[in-house]
Amino acid sequence: MSLLESHQVAPPPASVAEQSVPLIFFDITWLHFPPIHQILFYEIPDVSKPHFLETLVPKLKESLSLTLKHFFPLAGNLVYPLNPDKKPVIRYQALDSVSVTVSESGDDFDYLVGNQARDADKFYDFIPQMAPIVDESDHKILQALALKITLFPGRGLSIGLASLHCIGDASSFESFFKSWASINKNGEDGEFPSPLFDRSVIKYDPGLDSVYWARVGKIPLPTLSSPVPTNRVRATYAFSPIEIKKLKVLILERIPGLDHVSSFVVMAAYVWSCLAKSVKSSEEENVLDDDDFEFFLFGVDLRPRINVPGNYFGNCLSYGLPKIRHQELVGDEGFFLAAQAMSEEIKKKVINNENILEGAMNWTSEIESSMPKSILAVTGSTRLDFYGTDFGWGKARKLEINSTDGGRYAVSLCKSGDCEGGLEVGMSLPKVIMDAFAVHFAEGMKGSL
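Residues numbered from 1 in each chain as written. Predicted model: local features only at pLDDT ≥ 70, side-chain atom pairs only at ≥ 80, totals over all residues. Heavy atoms only, no water.

### Here's the deal with the pairing of strand β19 (residues 423-429)
Piece 1. Taking burial as the measure, the seven residues of β19 include seven buried ones, the bulk of the element.
Piece 2. Burial of the side chains of β19 extends over both faces: Leu 423, Val 425, Met 427 and Leu 429 are buried on one face and Glu 424, Gly 426 and Ser 428 on the other.
Piece 3. With seven bridges connecting them, strand β12 (residues 233-239) and β19 associate as antiparallel partners. Bridge pairing links Phe 239 to Leu 423 in β19. (Buried < 20%, exposed > 50% of the residue type's maximum accessible area, 1.4 Å probe, protein only. Helix = DSSP H or I, 4+ residues; strand = E, 2+ residues; numbered from the N terminus. Pairing = 2+ DSSP bridges.)

This is the structure we're talking about:
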């Protein structure tokens, strides 16, 4: 990996007024989580180093600057107060900017964009390092966003992102990427929804902000460095529309009348049961007692459920937390019982929960109570379409969400890049568990559920 250039990209001069965006309880929840790390790979046959440096990079910088005019908090910083009476904000000041690193790699592009198990550490070469936390007398300052653009001569390029999760959720960063891509491809006249940062569009008890801040304000901030070595491999598993339909039919044949057997339920139940069996068969992991509960944590985008505009930029997530006993999950009926638990949780927490924010005071404690136990978390959703992010070179060849390397068991989820109506799941696991998972995943798809 060779460093070619380093830049600071700001919105156009005098295009954005100095201002701050407050963090509300939705955002405060994520203050102490590791940064979001993700990479988009693009195949550009025969791309040369001169063309990359003289044409592609200058255009990406120009379009990024125009994009930051609309997404100005990403050029700013998180101001984290040491006084508990004050709350954190995202502050944008004149001359604030995003660091952009430009590099060249001799790594095998085709290996990196494959679906097979690959060394997870390899990918951190393509993710930018965030600036160190700055200590001031009464607050700390954290960089909001960093980017890294890497050339693979003759094959393509990658765009890596590192950002604070308290800035926004996956839907927010999808909108940023797609807006940047649209401006890069079509100019600022291209069609993209202008982001909305106004927190007042969310109707909630403002006392929640103080409650959430009181819970986390005294916790030391996490390191912003990458979790290398991860001692993991990364692999991608795809669900085609035909496979999703087949699994739905199997569930409804076994549990007639089960409500809400969606593509998400099918995917989640299948991955959950396969992983539980894989961990059990691994000699490196302690086997749970039969009566121990296993949990599955998933996010729920509340924008359409609490009448928040879809272009709202920030965090706007609730969650579901179905559970099932270990012996049931790893048994022959594990997939079906997991689907039932998932469906019932969605019905309880989402579909039949008209006043969903009324329970927000207890969200953190419920999730924390499951943490010492076995828990699988999913980031992303079936609606995310990062593969459709076209900077002018066509759709992305591969997406890697490396944030899942940090948790014990976590998966990423988005629309498939290979087939319409399909889903793609990114896994990060110790190799011995990944090997077992691959076997269970393939056997199930052959009909041996």
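### Side note on the packing of aromatic side chains
Piece 1. Within this structure, the stated rule accounts for 40 aromatic pairs.
Piece 2. Ring centres 6.2 Å apart and planes at 70° place the aromatic pair Phe 72 and Tyr 92 in the edge-to-face group. In this pair, Phe 72 is assigned in the loop between α2 (49-70) and β4 (77-81) and Tyr 92 in strand β5 (residues 89-92), connecting sequence segments 20 residues apart. Per residue, the accessibility class of Phe 72 equals that of Tyr 92, and both read buried.
Piece 3. Here the aromatic rings of Phe 391 and Trp 393 are separated by 5.2 Å at their centres, their planes lie at 15°, and the arrangement is stacked.
Piece 4. Residue Phe 391 is classed as buried on the basis of its relative accessible area of 1%.
Piece 5. A relative accessible area of 19% places Trp 393 in the buried class.
Piece 6. Over the face of the ring belonging to Tyr 212 we find Arg 215, whose NZ or CZ atom lies 5.3 Å from the ring centre.
Piece 7. Between the NZ or CZ atom of Arg 254 and the centre of the ring of Phe 336, over which it lies, the distance is 4.2 Å. (Phe/Tyr/Trp six-rings, centres within 6.5 Å; stacked < 30°, edge-to-face > 60°. Lys NZ or Arg CZ within 6 Å of the ring centre and 35° of its normal.)

### Some words on helix α4 (residues 170-186)
Piece 1. Its 17 residues give α4 an end-to-end C-alpha distance of 24 Å, which sits within 8% of 24 Å, the value for a rise of 1.5 Å per residue.
Piece 2. Residues of α4 that are buried: Ser 172, Phe 173, Glu 174, Phe 176, Phe 177, Ser 179, Trp 180, Ala 181, Ser 182, Ile 183 and Asn 184.
Piece 3. Elements in contact with the buried residues of α4: β3 (36-43), α2, β10 (145-152) and β11 (156-163).
Piece 4. Following α4 by one or two positions, Gly 187 has its phi on the positive side, about 85°. (Expected span 1.5 Å × (residues − 1). Contact = heavy atoms within 4.5 Å.)

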